[in-house]
Amino acid sequence: MTSLPDGTLLPVLGQGTWEIGDDPKTADAEQAALSRGLDLGLTLIDTAELYGNGRSERLVGEVIRDRREEVFLVSKVRPENAGEMSMMLACEKSLERLGVDRLDLYLLHWESRFPMDEIIAGFEELIDEGLIARWGVSNLDLRAMDRIEALDGGTGCQTDQVLYHLGSRGIEFDLLPWAQERTMPLMAYSPLGRGGKGGLLEHPALVAVADRHDVSTAQIALASILRQEGIIAIPKASTVAHVEANAEALEIELDAEDMAVLEHAFPPPTTAQPLDII
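The sections below set out a description of the structure shown in this document.

1. Observations regarding the side chain of Thr2
Next, step 1: Secondary-structure assignment places Thr2 in strand β1 (residues 2–3).
Next, step 2: Contact partners of Thr2, with chain neighbours within four places excluded, come to Thr8, Leu9, Leu10, Val12, Pro185 and Ile232.

As structure tokens, then:
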């Protein structure tokens, strides 16, 4: 478990829903996977109005209809909908698709043309109206986070959701230490390298460590970032078998030899890097 700055306890492994709900043919399997994840304690579910133009939120709504009290529910507002006036409508539409009356956490999906002080005011209004419990951001780098912290109400930010996996470790140089100092967990999306696309999960170093533990390379990739303090990983799983495998990664203990192999293949950053975004 880890905790948000406001003290809320959360599991370090949740469930992402990017590209879930897009195909009616796979909806039953996707719903079963999310439901099984809740059974396994992966009670944080992350979605967004952007995902499938609301289809992901609708599918999540079906899953949690009779299990709302078990779920820490996260959604995100599009940057173009983040103005103080437009955010209220966007949030209400997300709530309607999800079939709930409140979000546990509402994130700005990425940087917006609207001033951040106006966006913070919009979030605070949603809190006052009881539509969200807390707010955060996504895809913002250290410079942006420093600017937010300096604004009135900026210390209310609870997380920054960013791309993070073995092949994309730039946040370890500056953003992650900054967040750790503030006991603000970062949410790692695509922790398997966008589902393993691009060859990350076929890398010989991952294969070697996975063989040593008799597990999959995906489980090793997930276990490696879960070792970091202040990380909440939100991988997507489209099948029950996949979500069960993700949950099993919590039990993998990587030793110094394992980490030496992985660090050699995927070295940590030695200088500041632009924030990776998908």
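2. Description of the packing of aromatic side chains
Next, step 1: The full count for this structure, using the stated rule, is two aromatic pairs.
Next, step 2: The interplanar angle of 80 degrees and the centroid separation of 6.0 Å between the aromatic rings of Tyr106 and Phe123 together place this pair among those described as edge-to-face. Placement of Tyr106 in strand β6 (residues 105–108) and of Phe123 in helix α4 (residues 116–128) is noted, with a sequence separation of 17 residues between them. Taken individually, Tyr106 and Phe123 each receive the classification buried, so the pair is uniform in this respect.
Next, step 3: Considering the side-chain rings of Phe123 and Trp135, the 5.1 Å spacing of their centres and the 10 degrees angle between planes classify their relative orientation as stacked. Placement of Phe123 in helix α4 and of Trp135 in strand β7 (residues 135–138) is noted, with a sequence separation of 12 residues between them.
Next, step 4: Classification of Phe123 as buried rests on a relative accessible area of 0%.
Next, step 5: Just above the ring of Phe114 sits the side chain of Arg113; from NZ or CZ to the centre is 4.2 Å.

3. Let's talk about the nonpolar core
Next, step 1: Tyr106, Trp135, Val137, Met145, Ile148 and Leu206 are the most contacted members of the largest nonpolar core, which has 75 residues in total.
Next, step 2: Per-element tally for this core: the top contributor is helix α8 (residues 217–226), with seven residues.
Next, step 3: Sequence-distant contacts of Trp135, defined by excluding residues within four places in its chain, comprise Leu105, Tyr106, Met116, Ile120, Phe123, Ile127, Ile148, Gly153, Gly154, Gly156, Cys157 and Gln158.
Next, step 4: One finds Phe72, Val74, Leu105 and Ile232 within the second-largest nonpolar core, a separate group that totals 12 residues.

Basis of the calculations
- Residues numbered from 1 in each chain as written.
- Predicted model: local features only at pLDDT ≥ 70, side-chain atom pairs only at ≥ 80, totals over all residues.
- Heavy atoms only, no water.
- Helix = DSSP H or I, 4+ residues; strand = E, 2+ residues; numbered from the N terminus.
- Contact = heavy atoms within 4.5 Å.
- Phe/Tyr/Trp six-rings, centres within 6.5 Å; stacked < 30°, edge-to-face > 60°.
- Buried < 20%, exposed > 50% of the residue type's maximum accessible area, 1.4 Å probe, protein only.
- Lys NZ or Arg CZ within 6 Å of the ring centre and 35° of its normal.
- Core = buried A, V, L, I, M, F, W, Y, C linked by side-chain atoms within 4.5 Å.

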